Amino acid sequence: MTATTLPAPPRRVSPGATVSQTFTLAWRSLVQIKHNPWELLDLSIQPIMFLLLFTYVFGGAISGSTGDYLQFALPGLLVQNALFYTLSTAIGLNTDITKGVFDRLRSLPIARSAPLAGRIIADTFKQVWAFALLIGFGMVLGFRVTTGVAGVLGALALLVVVALAMSWLSVLIGLTASNPEKVQMFAFSLMMPLTFTSSALVNPDTFPGWLAAWARVNPVTHLSDAIRGLLIGGEVAQPALVSLLWAAGFMVVFAPLAIRVFRRTA
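Residues numbered from 1 in each chain as written. Predicted model: local features only at pLDDT ≥ 70, side-chain atom pairs only at ≥ 80, totals over all residues. Heavy atoms only, no water.

**Side note on the confidence of the model for the protein**
Piece 1. When pLDDT is averaged along the protein, the result is 83; 92% of the residues meet or exceed 70.
Piece 2. Within the protein, helix H9 (residues 219–232) carries the highest mean pLDDT (95), whereas helix H4 (residues 101–106) carries the lowest (72).
Piece 3. Note on residues 1–10: pLDDT under 50 across the span, and one contact to partners over four residues away in sequence or across chains. (pLDDT = per-residue confidence, 0-100. Helix = DSSP H or I, 4+ residues; strand = E, 2+ residues; numbered from the N terminus. Contact = heavy atoms within 4.5 Å.)

What follows is the structure in structure tokens.
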């Protein structure tokens with residue numbers, strides 16, 4: 001009886017196969033919600049809690065009116081929520097690594113970037129859900145979009161592009177940390193000051209001079225200003241362009257680093 005020799009898997013994966021494998025692994029991450037609905041519930045409750053907290057606890061003190069503050073702060077909360085949710089990419093990725101899921105993926109003849117990109121794309125779809133939920137609940141509370149449907153779609157597109165690019169930093173953190181707890185500690189230590197020292201929730205003109213100078217170059221400030229302009233009016237072109245440049249920088253720097261670290265640990 002002659003033994004059958006299976007052909008070796010190709011050393012390189014074609015671009016078409018890479019895209020297919022990436023979306024297959026993205027679907028794997030999304031379908032997990034069916035078995036763990038608490039993940040979607042957590043994704044839904046946290047943005048609403050932040051919206052209620054900042055509007056009704058701090059809104060009157062900051063703006064003198066909860067309605068005025070809601071109109072100002074909701075675009076910033078959209079940005080804050082999107083950036084904080086990139087942390088779930090790092091935590092989910094690190095959990096897969098520590099549980100051995102990635103060991104099984106590495107044994108398959110798939111593109112090295114597919115598990116990483118698949119996780120990011122799946123989390124991007126979840127971001128769309130959180131964006132829609134926050135806008136809808138904000139409108140129930142009194143928030144009003146003054147730029148129409150085009151403004152909402154533009155804000156969503158810009159937010160997704162920037163979050164997608166910044167997710168590669170989260171991927172790098174998830175690959176290098178030893179456990180999910182360290183991922184969360186390091187990532188929050190990075191994201192908290194970045195989001196709160198910006199124009200997301202308050203006007204930076206009220207900051208001390210040195211902090212206001214940082215806030216003006218903070219990428220979160222530019223993104224918040226662009227989203228605010230797209231939703232309620234104001235300057236859009238300049239902050240949106242700067243945000244896209246920051247996104248390109250994050251992508252160029254951290255995507256190759258994350259893929260290189262993933263390959264080295266293979």
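Here the narrative resumes.
**Topic: empty space enclosed by the protein**
Piece 1. Inspection of the entire model under this criterion finds four cavities of 30 Å³ or more.
Piece 2. Quantified by volume, the largest cavity comes out at close to 70 Å³.
Piece 3. If you trace the largest cavity, you find it lined by Leu78, Asn81, Ala82, Gln127, Ala130, Phe131, Leu134, Leu156, Leu159, Val160 and Ala163.
Piece 4. Taken together, the elements giving at least two residues each to the lining of the largest cavity come down to helix H3 (66–98), helix H5 (114–141) and helix H6 (148–176).
Piece 5. When its residues are assigned to classes, the lining of the largest cavity shows nine nonpolar, two polar and no charged. (1 Å grid on protein atoms, 1.4 Å probe; cavity = no way out; pocket = protein on both sides within 12 Å on 5 of 7 lines; lining within 4 Å. Points joined across faces, edges and corners; volume = space filled by probe spheres on them. Nonpolar A, V, L, I, M, F, W, Y, C, P; charged D, E, K, R; others polar.)

**Focus on the packing of helix H1 (residues 15–35) against H5**
Each packed pair of helices is defined by two parameters, the angle between the axes and the distance between the axes.
Piece 1. Two numbers describe how H1 lies on H5: the axes approach to 7 Å, and their chain directions differ by 50°. Considering the angle they form, H1 stands oblique to H5. Between H1 and H5 the crossing geometry is right-handed. For the pair H1 and H5, the contacting residues are Gln21, Thr22, Phe23, Leu25, Ala26, Arg28, Ser29, Leu30 and Ile33 in the first and Ala114, Pro115, Ala117, Gly118, Arg119, Ile121, Ala122, Phe125 and Lys126 in the second.
Piece 2. Here the residues of the contact of H1 with H5 sort into eleven nonpolar, four polar and three charged. (Axes fitted to C-alpha atoms, helices over the stretch in contact; angles between N-to-C directions. Parallel < 35°, antiparallel > 145°, perpendicular 65-115°, else oblique. Left-handed = near helix turned anticlockwise from the far one by under 90°.)

**Looking at the nonpolar core**
Piece 1. Formed by 61 residues in total, the largest nonpolar core has its most connected members in Leu78, Leu116, Leu158, Leu159, Trp168, Val171 and Ile227.
Piece 2. Contributions of two or more residues to this core are made by helix H2 (38–63), H3, H4, H5, H6, helix H7 (180–196), H9 and helix H10 (237–264).
Piece 3. Sequence-distant contacts of Leu116, that is, excluding residues within four places in its chain, are made with Leu93, Phe102, Trp168, Val171, Leu175, Ala258, Ile259 and Phe262. (Core = buried A, V, L, I, M, F, W, Y, C linked by side-chain atoms within 4.5 Å. Buried < 20%, exposed > 50% of the residue type's maximum accessible area, 1.4 Å probe, protein only.)

**Points about the environment of Ser224**
Piece 1. The exposure class assigned to Ser224 is buried, which follows from its relative accessible area of 0%.
Piece 2. As for Ser224 and Gln80, which are separated by 144 residues in sequence, their C-alpha atoms are 8.6 Å apart.
Piece 3. For Ser224, the residues in contact, after removing those within four places along its chain, are Gly76, Val79, Ser199 and Ala200.
Piece 4. Among the polar contacts listed, one links the side chain of Ser224 to the backbone oxygen of Val220, at a separation of 2.8 Å. (Polar contact = N/O pair within 3.5 Å; in protein donor to acceptor, adjacent residues only side chain to side chain.)

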